[in-house]
Amino acid sequence: MIYNLSTLPKAAIVLLVGLLIGFAGHAQSRSVYNMFLQQPVPANGVRVDFNSPVLRWPYQKGKQVTYEIRLSQNNAFPSATTITASGLKGAVFNPHQKLSTGKWFWQYSVTGKPWSVVQYFLVDDKALPMSSPAPATLLANVQTAHPRILVDDPATNLLLLSNKPAAKAIIAEADKALLEKIPIEADVTTAAEGANEQQNEKIMADAIVAFGNRVNHLVQPLCEAYLLTRHQKYISKAVEIAMEIARWDPEGVSGSRDFTDGICMYDMALVFDTFYDQLTNEQKDMLLKAITTRASKFYKSWVNNIESKVLSGHVWQLLLNEFFKTSIALCGHQPEAANWLSYAYELFVARAPVLGGIDGGWAEGASYFTMNMEMLTYIPQKIKLYTGFDFIKQHPWYYNNANWMIYQFPAGSSADGYGDNTEELFEPPASYGAYADVMARLTQNPRYAWYADKLQQSRKIDLSAEPILRWYRLTQSDALPLPEAKDSIHLPMAQLNKEVGVASLHTNPSNAKTDVMVAMRSSPFGAYGHILADQNTFNILYGGKRLFYRTGYKVAMNDPHRLGWSKHTKGQNGILINGEGQPYTVEPYGNFSRFLQGEQLAYIKGDASNAYQSVESKEDYGVNKFYRHIVLLKPGIIVLYDELESAADANWSWLIHSLKDMKLDA
C-alpha cells in the first residue's frame, strides 16, 4: 500500500507498507519488569554499570520485616573481607563504597530466615563511579539553624536578588496572596455533577487536588517573598495558613488524595522552617505534630514497598521531593525525621531516575516528565550541599537527557505522542525551557543551551513567569555560566533511547519547520501507569505538525474513553490480533533490536513479540512474532515492513490514524 500525500508543501512524504504474516513457534520470554521486583539484581554474572552497584531483591510483605545482606569477593563470605548489613527496612542495599574490580558474590535474607541463593556480578574498569556517602554523612551535615529548605545557608541574604524579574514575579504573587482569604476544608466544593458515581468521584478528586494546589500557591510565594524582602507582612499570612492546615483532619478531605496530603505536609514544613525564629513555642509544637502525622503516614506506606516497585508515579513526581525537604526541615526536632531522610536519600540514590537510564531517555512520556523536573533537580542539590556528592554530575542520565528532549520533543514541534496527555502538547511548554536552562548550567552540555535557545526562537518564553524550577534558577543556577549555545550543533538523523524504548528518525532534526519525524516505541516498560499500550507503534510528524498520530485523550485514569481507546492499542498506529491489543500491565514489553543511520537514511527495528501477553492480567492473545522495521530516507520516504506470526489462524488489523482525511492511492 502506498499513501501519497502530494499536497504537502515543499515536500512529499511517501509511505510504503509491507506485511509478512505466518505461523511459527516463536517462544515468548519472561517480562523485563514486573509490578514488584521478582528476581535479585544484579545477578547472573552481569557487568554492572556503576561502582558501587545497588543491590535489590524481592521484598516480603510485612510491617516488621527486616533484611540482612552480605557481599564479598569470596563465595564463602569470610568475616574479615565481607561487607555486611542487618536490620535493613527495605529490600535494597547500597554499599556506599567503591568495590574492587572482579567478581562479587552476594546473598540476602529476611531476618531470622535462611540465606538466599548466592548471586554474583562483575565489576570492571568501565563501571562508572557512583560511590555515594552513607546516610549518616547527610544527617550529620544538616544545619541546626533555619531556614534550610529554600536556602543553603540560613545566614544567606537574598535582598540583592529582589529586583530580578523572577523575584518580582514571586513578590507579585505573594502580594496577591495577602489579599486572599484563608483556605478552609469546607472550600472543597464541586461546580458540576457527573452522570454517575464514578464521574462524581473523579470530579471530587480533582477538586481536592485543586484545593491543595491553591493552598501551595499561597504559601510558597509568601515564604519566598519574605526571604527576598524581609517584609514582615508575609509572615503572619503564611503562619495563619499553616496553623489552619494544622487543624485539618489528616484522615479527612485533605488527606484523602496523596497529592493534597503531601502539599499540606510540605506547606506546613515550609512555614515551620522559613519562620522558625518568629514562631511561638505553641505554634512550633502544633505544626510539628501535624507535619509528623502526615509524614509518618507516607513513610510507613513507602518503606519495604516503593524501593521494590517498578514505578509509583505520584511518589516520584511530587511526593518524594516534598517528603525529602520536609524531613530536612524537621531534623533535630522530630526523632523520626532521621529515618525519613535516610530512607528518602537511599531511595533516590538507588532508583533515580526511576524512568530513565544511562542514555537519558524517559519512559512515561513528555507530558508527565514535567512533573518530575523539580524532584530530579532539588533532591540532588540538597544531597550535594550536605555530602559533597554531585549526583547530577556523576549520573550520565542528566547529561544525555538533552538528546531525548531534542529528538522526542523538538523545539517548535508536537511531542512524539507517547504517554498520557501528550495529545495536549503541540509545542514544548515553558517548563522545558526552564529545565533546559538549569541543566545547561549544571551539566555544561551545550545541547541543553541550544535547545533552550531554539525554544526562545520558536516562541518567546518568559521564564520569570514559569513556576517550575523558578526558585532554583533564581537562587542556584542563574549564577552559573551557560555553555555556549552555538547556532548549530551536529545532530545525526536519529536517536535511540534503548533503555526506555523510544526512538525517532528525522530528516532535519535541527529545524522542525522542514523536518519529517518518525517516532517509534518498543520498550521494556509495558503499559503501566501513564504509559500507553503502544509497543511497536509509530507517529509521523511533518513540519512539527501531526500527520499520522495516535488519537484520543485522557480525562481520568479509569475513564471509559481512555481505557477503551486512548490507552488501548486500537488508538495507536499499531497492530491488533483478532481485535485485541496489548494488556494494561508492566509486563508486555518490546525491544529495539537493530538501529543504524547514515547521512541519507536511518533504520530501526522493534520487536514486540512479547507485547500481547501478561501473567498478571492472565491475557495471551497468541502473538508469536511482531517485528516492525522502519526506514526513513531523505527527503521524506518512509518504509514500514512488519513480520507477524501467530500461534493459530488470526485476523490482523494494521492501524493508521490521522485527524485529517486520508485517501488511498492504490
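Residues numbered from 1 in each chain as written. Predicted model: local features only at pLDDT ≥ 70, side-chain atom pairs only at ≥ 80, totals over all residues. Heavy atoms only, no water.

### Description of the environment of Ser-464
You can see Ser-464 is positioned in the loop between helix H14 (446-458) and helix H15 (470-475). Owing to a relative accessible area of 13%, Ser-464 belongs among the buried residues under this scheme. Along the primary structure Ser-464 and Leu-474 are separated by ten residues, whereas in three dimensions their C-alpha atoms are 9.0 Å apart. Sequence-distant contacts of Ser-464, that is, excluding residues within four places in its chain, are made with Pro-165, Ala-166, Ala-169, Arg-470 and Arg-473. There is a polar contact of 2.5 Å between the side chain of Ser-464 and the side chain of Asp-462. (Helix = DSSP H or I, 4+ residues; strand = E, 2+ residues; numbered from the N terminus. Buried < 20%, exposed > 50% of the residue type's maximum accessible area, 1.4 Å probe, protein only. Contact = heavy atoms within 4.5 Å. Polar contact = N/O pair within 3.5 Å; in protein donor to acceptor, adjacent residues only side chain to side chain.)

### Section: the packing of aromatic side chains
Across all of its chains, the model carries 29 aromatic pairs by this definition. Members of the aromatic cluster, connected to one another through ring pairs, are Phe-348, Trp-362, Phe-369, Phe-389, Phe-391, Trp-397, Tyr-398, Trp-404, Phe-409, Tyr-432, Tyr-435 and Tyr-448. Against the face of Phe-426 rests Arg-546, its NZ or CZ located 3.8 Å from the ring centre. (Phe/Tyr/Trp six-rings, centres within 6.5 Å; stacked < 30°, edge-to-face > 60°. Lys NZ or Arg CZ within 6 Å of the ring centre and 35° of its normal.)

### A look at the nonpolar core
One finds Trp-316, Phe-348, Phe-369 and Tyr-432 to be the most contacted residues of the largest nonpolar core, which totals 142 residues. By residue number, the principal contributor to this core is helix H3 (residues 197-229), which donates twelve residues. The residues contacting Phe-348, other than those within four sequence positions of it, are Trp-316, Leu-320, Met-375, Ile-379, Pro-380, Ile-383, Phe-391 and Tyr-398. (Core = buried A, V, L, I, M, F, W, Y, C linked by side-chain atoms within 4.5 Å.)

### Digging into the environment of Leu-37
Tracing the backbone shows Leu-37 in the loop between strand S2 (13-23) and strand S3 (46-47). Note on Leu-37: relative accessible area 19%, which makes it buried. Separated by 425 residues in sequence, Leu-37 and Asp-462 have C-alpha atoms that sit 43 Å apart.

### Digging into the pattern of salt bridges
Throughout the structure, instances matching the rule amount to 20 salt bridges. For Glu-173, the salt bridge is made with Arg-470, and the minimal N-O distance between the two is 2.9 Å. Linking Glu-173 in helix H2 (residues 165-178) with Arg-470 in helix H15, this pair joins segments that are 297 residues apart in sequence. Note that Asp-437 is salt-bridged to Arg-441, the shortest N-O span being 3.0 Å. Taken together, the residues Asp-437 and Arg-441, both in helix H13 (residues 430-443) and four residues apart, mark about one turn of the helix. Just as Asp-437 is buried, Arg-441 falls in that class too. Because the salt bridges share partners, they merge into one network encompassing Glu-251, Asp-261, Arg-294 and Lys-297. (Salt bridge = Lys/Arg side-chain N within 4 Å of Asp/Glu carboxyl O.)

### Structural notes on helix H5 (residues 258-274)
Every α-helical turn comprises 3.6 residues, leaving residues that sit three or four positions apart pointing alike. The terminal C-alpha atoms of H5 lie 24 Å apart, and with 17 residues this matches the ideal 24 Å at 1.5 Å per residue to within 8%. The element H5 is extensively covered by neighbouring structure, given that 16 of its 17 residues are classed as buried. (Expected span 1.5 Å × (residues − 1).)

### Topic: the pairing of strand S13 (residues 502-506)
Of all five residues that make up S13, five are buried, and the element is covered over most of its length. Because side chains alternate across S13, one face comprises the buried residues Val-502, Ser-504 and His-506, and the other comprises Ala-503 and Leu-505, equally buried. By the bridge criterion, four bridges tie strand S12 (residues 494-497) to S13 in an arrangement that is antiparallel. Its bridge partner lying in S13, Ala-494 is registered against Leu-505. In this structure, the hairpin formed by S12 and S13 is closed by a connection of four residues, where Gly-501 is found at a positive phi of approximately 85°. When S13 meets strand S14 (residues 516-521), the two strands line up antiparallel, connected through five bridges. Within S14, the residue paired with Ala-503 across the bridge is Met-520. (Pairing = 2+ DSSP bridges.)

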